[in-house]
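These are the residues of each chain, in order.
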Amino acid sequence: MDFGAVWPEIILAGVGMLLVLLDPFVGAKRQRALGYLAVGGIVAAGIATLFEPRTGEVALAGMVILDPLSLFFRLLFLSAALLVTLFSFGFLQERDQDVGEFMALLCFATTGAMVMAISWDIISLYVGLELLSISSYILVAFLRDERRSHEAGLKYLLNGALASALLLFGLSLIYGLTGTTAIPVLGRQLAAALGHPYGGIVWLAVGLVLAALAFKIAAAPFHLWAPDAYEGAPTPVTGYLMVVAESAGFAALIRLVSTGMGPLSTEWGIWLAGLAILTMTVGNVTALWQQNIKRMLAYSSVAQVGYILAGIAVATRGGVGSTLFYLIAYLFSTLGCFAVIIALSARGHGEQIADYAGLGRRRPWLAGLLTLFFASYVGIPATAGFMGKLGLIGAAIHGDMAWLAVGIAVNSAISIGYYWSVARTMWIDPVPEAAGAIRASAGGSISLVLSAVGVVLLGLVPQMFFHLSQWASAGVIR
Amino acid sequence: MNWPMVAFVVLGGITVYSGWRVATAPLVTHAALFLAVTFAGVGGLFFLLQADFLAAVQLLLYAGAVMTVVIFAIMLSEMKDIEEPRPRGWLGALRSPSLGALPFIGAVLLFAVMLVVYLRGAPALPVTPLPAPTNSTVFIAGALFKIYALPFEVASVLLLAAMIGAIILTRVEGGRRR
Amino acid sequence: MIAVQGVPLVDFLLLGALLFCVGLFAALRRSNAIMILMGIEVMLNAVNINLVAFSRYLPRGGDRGQAFAVFVLAVAAAEAAVGLAMVIIVSRRRGTIEIEEISDMRG
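For clarity, every value in this text was computed on a predicted model and none was experimentally measured.

Conventions used here
- Residues numbered from 1 in each chain as written.
- Chains lettered and ligands numbered in written order.
- Predicted model: local features only at pLDDT ≥ 70, side-chain atom pairs only at ≥ 80, totals over all residues.
- Helix = DSSP H or I, 4+ residues; strand = E, 2+ residues; numbered from the N terminus.
- Buried ≥ 20, exposed ≤ 12 C-beta atoms within 10 Å, placed from the backbone.
- Contact = placed C-beta atoms within 7 Å.
- Nonpolar A, V, L, I, M, F, W, Y, C, P; charged D, E, K, R; others polar.
- Expected span 1.5 Å × (residues − 1).
- Axes fitted to C-alpha atoms, helices over the stretch in contact; angles between N-to-C directions.
- Parallel < 35°, antiparallel > 145°, perpendicular 65-115°, else oblique.
- Left-handed = near helix turned anticlockwise from the far one by under 90°.
- Bend = angle between axes of the 7 residues up to and from the residue.
- pLDDT = per-residue confidence, 0-100.
- Core = buried A, V, L, I, M, F, W, Y, C linked by C-beta atoms within 7 Å.

Enquirer: Help me understand the overall build of chain B in this model?
Expert: Along the backbone of chain B there are 7 helices and 0 strands. For chain B, the N- to C-terminal ordering of α and β elements is α-α-α-α-α-α-α. Expressed as a percentage of the 178 residues in chain B, the buried residues total 38%. Residue pairs at least 24 apart in sequence account for 49% of intrachain contacts in chain B once pairs closer than 6 positions are excluded.

Below, the structure is given as structure tokens:
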């Protein structure tokens, strides 16, 4: 059997194992070497990705497909993993934590996400999802000495395992209805099964799968675990989960639902659209009351998930394309925000929004960049988020769901409220008396600059990325 | 006499009853024992279905390994509050300490939906199984190593990650480096 | 050798559904983390009943269902190991594993 189709995954998992092996032999002074090894592994996997075929070849006995979408998601996950690696190194050093094990788990989790995205079969998708999930549970609880970290880990695990069980029950029914696990033939078989007396099982299975995936991407009303997990997790892990774990959930939705259940799209389209509206509204309205910045961003990410779902709900190629574009914009805005928060969290700077008072005068650059990322979240023109939302609104109108477009616009207006309150705290409130020094680590600064460049590039010259995401969505709706 | 049906009803009854006791037993140790019975019952059903390999794995892995881990966790976690407040009467067992009757209502509704859907489909569903494969181990191995080679490898990475994670989390020295 | 002739597929499906709902009830009802994990294990067993029953009654693709069940078993074991490790660390630090009592975060 030829494993050439999964070189990037092999490299990344191999580097993860190497990190675990080397970790005991590397002294406290040389931890930096492990960080470089992880960065090197991620870059090598990225280069290997570029050499993989992208013409839609099915490999490994039908387990994976190497199409433009696979390329897109592999690069998306690797970029996010790279940025997270860069800003987590300083974070771990400051807290005297084990770099090798953290980076190894990050590599394993990213491998799982990539396996999910390239899957062309239910089982490899499921196993990839579990690799991502189990590694993430451990990463969330990584700071064992902090009460909030292991509390978050336990809650995330219990909710995640429950969602997995729902997903599996749905998948077992799908297998029973079709006699296969291959994604490309599911849709036709499920549509055929609808004509039989047992057609109801199809809706049961689709409903369970959708509910489970909604759990995984933290869509309302299945989002209740997200604020706790995101607030309690180590800050770099929060950024990682919001971007990689959620994007991987969307990859699964696109593979399993958009492609696999394509013939049933008139039904699940409406369900997902309702879910999208509910999610964005709940996320935005709850975010208005938050005092802790990570918790606020957690609810804001719930809202972003709502916007992104809208693109999938319309079930058109353009919709999936704008979803992909928005995922790039979301990656840069979110990881940028977290690079700033991590730079600030050095030496005990608080996570409460009130702690950000007077930041504009103390560190104008950091405050300015954070404002830029917020602007992108809201969708102010000339930022990545603006182009992303434009695409989603366009796709919704095109797909005869104008009310969804109205929902996105209204919600963006609501979201200004909480972003503005942080911005006002930073720029207008006075500097508190006992404000300590703030310094960003080298890796943190690099990821901060990269994210800012990404947000501005996507906002000012979006054509290239727009073409990329349209190209990647070509084979999704069959 | 339809002996397979009798075996099915007995095994299924044991499985579901002990599953129910997992949900309602006030003592965590009792719940764990009933969980072992559930696992064994499911193993028996696999035997009935002539899936010998899976039945053996079910007994070894679930009733053996997973149960050992559960019991270790119960002993190591040194819980003071090992016992839940005893429910009052039969109806008391249906209520959750934190969520009231909601979990019960939710589960019953889900089952009602499944029941209706399955019973409507029952006439069109197969009644007799296929002839059993002569060697169920070879039968599974064919799929596992020919079709599902990639998920098999990914699962091995997953088990490695889980093992590392369990060690990292429970290490006693508290994560400080030397 | 016992055989299953005489039991229709729908009976196995109903049993799987019942066990799944019982497991779901356990997972939602309990406030103790170990007991929640046990409920989830019951749900996963119900999934395997479904998979194995389908694999024996479907006209084709039977090997796929049994292989799927093997993956479910492996992943469930990994999940249980990590989950119980987390239970141990939480109980060590907090002295309890009642979800309500370990909740610091609100809002």
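Enquirer: Even after reading the chapter, I still don't get the overall build of chain C, so can you show me in this structure?
Expert: Helices and strands together make up the secondary structure of chain C, namely 3 helices and 0 strands. Along chain C, from the amino end to the carboxyl end, the secondary structure elements read α-α-α. Over its C-alpha atoms, taken along the principal directions, chain C stretches across nearly 55 × 30 × 25 Å. Within chain C, the proportion of its 107 residues that are buried is 75%. At a minimum sequence separation of 6, the contacts of chain C that also span at least 24 residues come to 49%.

Enquirer: What exactly am I supposed to notice about the environment of Val172 of chain B here?
Expert: Residues and elements named next belong to chain B. One can find Val172 in the segment after α7 (149-170). In this structure Val172 comes out as exposed when scored by C-beta crowding, with 6 C-beta atoms within 10 Å. As for Val172 and Met5, which are separated by 167 residues in sequence, their C-alpha atoms are 52 Å apart.

Enquirer: Would you take a moment to explain unusual backbone geometry for this structure?
Expert: Apart from glycine, the bulk of residues carry a negative phi angle, and the bulk of peptide bonds sit in the trans form. Residues and elements named next belong to chain A. For the bond running from Ala220 to Pro221, omega is 0°, close enough to zero to count as cis. Within the secondary structure layout, Pro221 lies in the loop between α8 (200-216) and α9 (225-232). A positive phi angle, close to 60°, is found at Ala218, a residue other than glycine. Tracing the chain through its elements places Ala218 in the loop between α8 and α9.

Enquirer: Explanation requested: the interface of chain A and chain C in the structure shown.
Expert: The parts lose accessible area when they come together, and the size of an interface is often stated as this lost area. Facing 34 residues of chain A, the contacting portion of chain C comprises 34 residues. Within the residue set of the side of chain A that touches chain C, elements represented by two or more residues are α5 (122-140), α6 (147-178) and α9 of chain A. Element by element, the count of residues in the side of chain A that touches chain C is highest for α6 of chain A, at 17 residues. Looking at the side of chain A that touches chain C residue by residue, the class counts come to 17 nonpolar, 9 polar and 8 charged.

Enquirer: Got a minute to help me understand helix α13 (residues 317-345) of chain A in this structure?
Expert: In an α-helix, one turn spans 3.6 residues; hence positions three or four apart end up facing the same way. The end-to-end C-alpha distance of α13 of chain A, which contains 29 residues, comes to 42 Å, matching closely the 42 Å that a straight helix rising 1.5 Å per residue would cover. With respect to burial, α13 of chain A is a largely interior element, 27 of its 29 residues being buried.

Enquirer: Explain the interface of chain C and chain B to me, please; I cannot follow it from the model alone.
Expert: Facing 67 residues of chain C, the contacting portion of chain B comprises 77 residues. Those elements that place two or more of their residues in the side of chain C that touches chain B are α1 (9-29), α2 (33-57) and α3 (62-94) of chain C. Considering each element in turn, the side of chain C that touches chain B owes the most residues, 23 residues, to α3 of chain C. Split by residue class, the side of chain C that touches chain B holds 46 nonpolar, 13 polar and 8 charged.

Enquirer: Hey, could you run me through the packing of helix α11 (residues 265-287) of chain A against helix α12 (residues 293-313) of chain A in this one?
Expert: Residues and elements named next belong to chain A. Close contact between α11 and α12 brings their axes to 7 Å; oriented N to C, the two are set at 160°. The pairing of α11 with α12 is recorded here as roughly antiparallel in orientation. The handedness of the crossing between α11 and α12 comes out as left-handed. Contact with α11, carried on its side by Gly269, Leu272, Ala273, Leu275, Ala276, Thr279, Met280, Val282, Gly283, Asn284, Thr286 and Ala287, involves Met296, Tyr299, Ser300, Val302, Ala303, Val305, Gly306, Tyr307, Leu309, Ala310, Ile312 and Ala313 of α12 and no other residues of that element. Classifying every residue of the contact of α11 with α12 gives 17 nonpolar, 7 polar and no charged.

Enquirer: Would you mind going over the environment of Tyr175 of chain A with me for this structure?
Expert: Mapped onto the fold, Tyr175 of chain A is located in helix α6. Note on Tyr175 of chain A: 24 C-beta atoms within 10 Å, which makes it buried. Between the C-alpha atoms of Tyr175 of chain A and Leu186 of chain A, which are 11 residues apart in sequence, the distance is 8.8 Å. Sequence-distant contacts of Tyr175 of chain A, that is, excluding residues within four places in its chain, are made with Thr181 of chain A together with Leu51, Phe54, Arg64, Gly65 and Phe68 of chain C.

Enquirer: For this particular structure, what's the right way to read helix α10 (residues 235-259) of chain A?
Expert: Residues and elements named next belong to chain A. With 25 residues, α10 ought to run about 36 Å at 1.5 Å a step, and its terminal C-alpha atoms sit 34 Å apart, in line with that. The largest bend along α10 measures about 35° and falls at Leu241. Among the 25 residues of α10, 25 are classified as buried, and the element is accordingly described as predominantly covered.

Enquirer: Before we go on, may I ask you to explain the confidence of the model for chain B in this structure?
Expert: Parts of the prediction with low pLDDT should not have their coordinates interpreted in detail. Across chain B, the average pLDDT comes to 87, with 87% of residues at 70 or higher. Contacts of residues 174-178 of chain B to residues separated by more than four positions or lying in other chains number 11 contacts, the stretch itself having pLDDT below 50.

Enquirer: Where do I start with the packing of helix α16 (residues 384-398) of chain A against helix α18 (residues 442-460) of chain A in this structure?
Expert: Any two packed helices are characterised by how steeply their axes cross, that is the angle between the axes, and by the distance between the axes. All names here are of chain A. It is the contact of α16 with α18, at a shortest axis distance of 6 Å, that shows an interaxial angle of 45°. Considering their axes alone, α16 and α18 lie oblique with respect to each other. Of α18, the residues touching α16 (which contributes Ala384, Phe386 and Met387) are Gly454, Val455, Leu458 and Gly459. In terms of residue class, the contact of α16 with α18 is built from 5 nonpolar, 2 polar and no charged.

Enquirer: Would you mind going over the nonpolar core with me for this structure?
Expert: Note on soluble globular proteins: their nonpolar side chains tend to be buried together. Counting 312 residues, the largest nonpolar core has Val64, Ala80 and Val244 of chain A, Leu158 of chain B together with Ile34, Phe71 and Val82 of chain C as its most contacted members. Element by element, the count of residues in this core is highest for α3 of chain C, at 21 residues. Residue contacts for Phe71 of chain C: discarding those within four places in its chain leaves Ile123, Tyr126 and Val127 of chain A together with Pro151 and Ala155 of chain B.

Enquirer: Just to check I follow, could you spell out the environment of Val64 of chain A for this structure?
Expert: For Val64 of chain A, the position within the fold is in strand β2 (residues 64-66). Classification of Val64 of chain A as buried rests on a count of 25 C-beta atoms within 10 Å. Separated by 206 residues in the primary sequence, Val64 of chain A and Ile270 of chain A place their C-alpha atoms 29 Å from one another. In this structure Val64 of chain A touches Ala5, Val6, Ala59, Ile118, Ser119, Trp120 and Ser124 of chain A together with Leu150 of chain B, once residues within four positions along its chain are discounted.

Enquirer: When you look at the confidence of the model for chain C in this model, what are you seeing that I'm missing?
Expert: Residue and element names in this part refer to chain C. Taken residue by residue, chain C gives an average pLDDT of 90. The fraction at 70 or more is 95%. Averaged pLDDT values for the elements of chain C fall to 93 in α3 and rise to 96 in α1. Of the two predicted TM-score estimates for the complex, the pTM is 0.96 and the ipTM is 0.96.

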